[in-house]
Amino acid sequence: MHSLNKCLDTLYNRRYEILLLAYTILALFFCSSSSPLYVINDWTDANTYFTMGKGIVHGMVPYRDLFDHKGPLLYFIYAVGYLMSPTSFIGVFVLQIISMYIALLFLYKTARLLLDSSPRAFFSSILVTFFILGAGVYYLPEQLDMGGGSPEEFSLPFLTVSLYLITRDAKRKTVSRFGLFVMGILMGSVCLIKFNLAVFWVGLLVPVFLSLLFQKKVRLFFQAAACMVLGILVVALPYLAYALATDSLSSFIEAYISFNKLYSFNEHSLSVRIMQSLGRSQNFLFSSFIIGFTFIGGFLYVLFFLKSYSLAYRASICLSFLALILIVFYGKAYAYSHLPFLIFAVFGFVALFRLFPESTLPKAMNRLKPCLPALLAACILLVVVNNSRMFITKDKNKPGRTITTCQSEVAALVRSGPEEKPTLLELDMLSRGFYTVLDIVPPRKYFYKPNIPYEDYPDVLDSQLAYVQEKAADYVVFFAGKEPVNATTLRPDTPRDRILSAVLDGYSLVGIVEGTGAVDGGYFHVYHKQ
């Protein structure tokens, strides 16, 4: 009985953490396309990462054997998801839950430091999810194929843990060497997921190091810098050893550094791009009253009302947000690109709860305690309603309808062929999930076409033309019109038509499948080699 009471006491003391976990599971269950509630996550990026992770499990090396341009740690995360569920996103969904829970947990801990109140900190972290889960990332607005699992999403725990550590040190009025070592590990990890997000730590830590210099704490300055660098090396050196051992370092540099410079940035000068970034940032902050009030109010609170915290800390929070929002809008920005800086909404909600008089707030919170489950359910319902376009309008998810997707139809055509273990290549298109459903590892490096013009990076389509000519795959699939491709209409001066001409020469049409989900209204042509 004593042990049971002790267990119940522990559960009660951890009630807010447990509620956050429950909220995370239920919210993502309804809002993420990786959830078992939905038949497939047909977001092209997630399927690309899943294929890269699958390749790792099957002994292929990222960048050398399979091409994509995100960081290697992201692919190892997806490799774990693949091991958990080889032909679906259930494993990735579990990892999304873990990732989002850690992010919310440390936002709660950060708010707890600033508010000295568990209930208010709990609601601050819960309210942040309205920005995260309601940001247009987890549903399919019109034809935008996003369903969760982005590198930004998996970077959130690294960012929020760092926010907590810097806030904890600021409250203690100290600089923790171990905390900086941990932040080095976190920064190094994000560098291997999506390197531009590492500017967060530049904004976060520059004021801290400058403060040490102004205070003439030179020894501590160098100790702190050494701890930070050591943390980065803890992550970077193992991957460097892996890349050298697999002879993939040059391929890594080409894909992750050189290609991304072509992919993300336009032809304008640096000054023009900075002005564009500032303009887009301003448009975002003033896009709605709620966003403007939350972020601007939060930063006014941090700058002028957190007087018990050092100026270095307040500058760290503001500069890390500024660095993130500028780098996000500096290049191509999609809905999921907003995720990293949305976590700063917690400061706006902390400021909001600070508006209540301290003498009356605890009583109000005590009255709310019996209602916490109902309030939690209401929060989940609001998020689901906000994401209802995915939940309601996807025909494949409507009750009473046979669940059929273009991925499953293409898979049936491929499995009906003579090969026991068929191979397939997706030509001149983003990865549409056929590798995932069929559990196929692409036989060649360029297994999809990134969203970049041929003139900027011709290697992809030129290589795919060679793959078709050598019949590297048993099946090829490409996106086209409703009718079969007519050889007489093809133009040999266009890269796509050269590929299609080679397909007609060496392959036979086995079926045309109508697209579903994000590609509803289009058609996939499936060919088998002659």
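Residues numbered from 1 in each chain as written. Predicted model: local features only at pLDDT ≥ 70, side-chain atom pairs only at ≥ 80, totals over all residues. Heavy atoms only, no water.

Attention shifts here to the overall build of the chain. A count of helical and extended segments in the chain gives 23 helices and four strands. Across the 530 residues that make up the chain, the buried fraction comes to 55%. Looking at the chain as shown, the accessible area adds up to about 23100 Å², and 65% of this sits on carbon and sulfur atoms. (Helix = DSSP H or I, 4+ residues; strand = E, 2+ residues; numbered from the N terminus. Buried < 20%, exposed > 50% of the residue type's maximum accessible area, 1.4 Å probe, protein only. Areas by Shrake-Rupley, 256 points an atom, 1.4 Å probe, with all protein chains shown as cover.)

Moving on, we get to the nonpolar core. Across soluble globular proteins, nonpolar side chains have a tendency to be buried as a group. Trp201 and Phe344 are the most contacted members of the largest nonpolar core, which totals 156 residues. The element best represented in this core is helix 5 (residues 90-115), accounting for 16 residues. With sequence-adjacent residues up to four places away left out, phenylalanine 344 is seen in contact with Leu163, Phe200, Phe295, Phe299, Ile317, Ser320, Phe321 and Leu324. (Core = buried A, V, L, I, M, F, W, Y, C linked by side-chain atoms within 4.5 Å. Contact = heavy atoms within 4.5 Å.)

We now examine a nonpolar patch on the surface. A grouping of Val202, Val206, Leu210, Leu213, Phe214, Val218 and Phe222 is seen on the molecular surface, where their side chains present a nonpolar patch of about 670 Å² in accessible area. Tracing the chain through its elements places leucine 213 in helix 9 (residues 199-214). (Patch = residues over 30% accessible without salt bridge, like charges linked within 9 Å, V, L, I, M, F, W, Y side chains within 5 Å. Salt bridge = Lys/Arg side-chain N within 4 Å of Asp/Glu carboxyl O.)

Turning our attention to unusual backbone geometry. Of note in the backbone geometry, aspartate 428 takes a positive phi value of approximately 50° without being a glycine. The exposure class assigned to aspartate 428 is buried, which follows from its relative accessible area of 16%. Non-glycine residue aspartate 439 carries a positive phi angle of around 55°. The topology assignment puts aspartate 439 in the loop between helix 21 (434-438) and helix 22 (459-469). A relative accessible area of 31% places aspartate 439 in the partly exposed class.

What follows concerns the environment of threonine 44. In this fold, threonine 44 is placed in helix 3 (residues 44-57). A relative accessible area of 3% places threonine 44 in the buried class. In this structure the C-alpha to C-alpha distance between threonine 44 and leucine 430, which are 386 residues apart in sequence, comes to 6.0 Å.

Another aspect to go through is the sheet that holds strand 3 (residues 507-514). Reading across the sheet, the four strands line up as 1-2-4-3 and stay open at both edges, with mixed pairing between neighbours. Each of the sheet's edge strands pairs with one partner strand only, and the pair in question is strand 1 (424-426) and strand 3. Across the sheet, the mean angle separating the axes of adjacent strands is 25° when strand polarity is ignored. Where strand 2 (residues 475-480) meets strand 4 (residues 523-529), six bridges bridge the pair, whose relative direction is antiparallel. (Pairing = 2+ DSSP bridges. Axes fitted to C-alpha atoms, helices over the stretch in contact; angles between N-to-C directions.)

Further remarks concern the packing of aromatic side chains. Under the criterion given, the structure shown has 35 aromatic pairs. In textbook terms, an aromatic cluster arises when at least three aromatic residues are bridged by ring pairs, as seen for Tyr49, Tyr63, Tyr75, Phe76, Tyr78, Phe154, Phe195, Tyr239, Tyr242, Phe252 and Tyr256. (Phe/Tyr/Trp six-rings, centres within 6.5 Å; stacked < 30°, edge-to-face > 60°.)

Between helix 9 and helix 10 (residues 218-245), the shortest axis-to-axis distance is 9 Å and the interhelical angle comes to 155°. Between helix 9 and helix 10, the angle falls in the class roughly antiparallel. Judged by residue contacts, Trp201, Leu205, Phe209, Leu212 and Leu213 of helix 9 engage Leu220, Phe221, Ala224, Ala225 and Met228 from helix 10. Residue composition of the contact of helix 9 with helix 10, grouped by class: 10 nonpolar, no polar and no charged. (Parallel < 35°, antiparallel > 145°, perpendicular 65-115°, else oblique. Nonpolar A, V, L, I, M, F, W, Y, C, P; charged D, E, K, R; others polar.)

The next point concerns the confidence of the model for the chain. Of the residues in the chain, 82% reach a pLDDT of 70 or more, and the chain-wide mean stands at 85. Mean pLDDT values for the elements of the chain range from 40 in helix 19 (residues 388-393) up to 98 in helix 4 (residues 72-84). Low pLDDT (under 50) marks residues 140-145, which in the prediction has 16 contacts with non-local residues, meaning those over four places away or in another chain. Counting interchain partners and residues more than four positions distant, the pLDDT-below-50 stretch residues 388-401 has 33 contacts. (pLDDT = per-residue confidence, 0-100.)

Enumeration according to the criterion identifies eight salt bridges in this entry. A salt bridge links arginine 168 to aspartate 169, with the shortest nitrogen-to-oxygen separation between them at 3.6 Å. We note that arginine 168, like aspartate 169, is buried. Glutamate 470 is the partner of arginine 444 in a salt bridge, and the nearest nitrogen-oxygen pair spans 2.9 Å. With arginine 444 in the loop between helix 21 and helix 22 and glutamate 470 in the loop between helix 22 and strand 2, this residue pair connects regions lying 26 residues apart in the sequence. Arginine 444 gets classed as partly exposed once you look at its relative accessible area, which sits at 30%.

Turning our eyes to something else, we now look at the pairing of strand 2. Extensive coverage of strand 2 is indicated by the burial of five of its six residues. Note that strand 1 and strand 2 share three bridges and pair parallel. Counterpart to leucine 425 in the pairing with strand 2 is valine 476.

Moving on, we get to the packing of helix 5 against helix 7 (residues 151-172). Packed helix pairs are specified by the crossing angle of their axes together with the interaxial distance, meaning the distance between the axes. Two numbers describe how helix 5 lies on helix 7: the axes approach to 8 Å, and their chain directions differ by 20°. Taken as axis vectors, helix 5 and helix 7 run roughly parallel relative to one another. Here helix 5 runs over helix 7; the crossing is left-handed. Here the contact of helix 5 with helix 7 is built from residues that sort into 15 nonpolar, five polar and four charged. (Left-handed = near helix turned anticlockwise from the far one by under 90°.)

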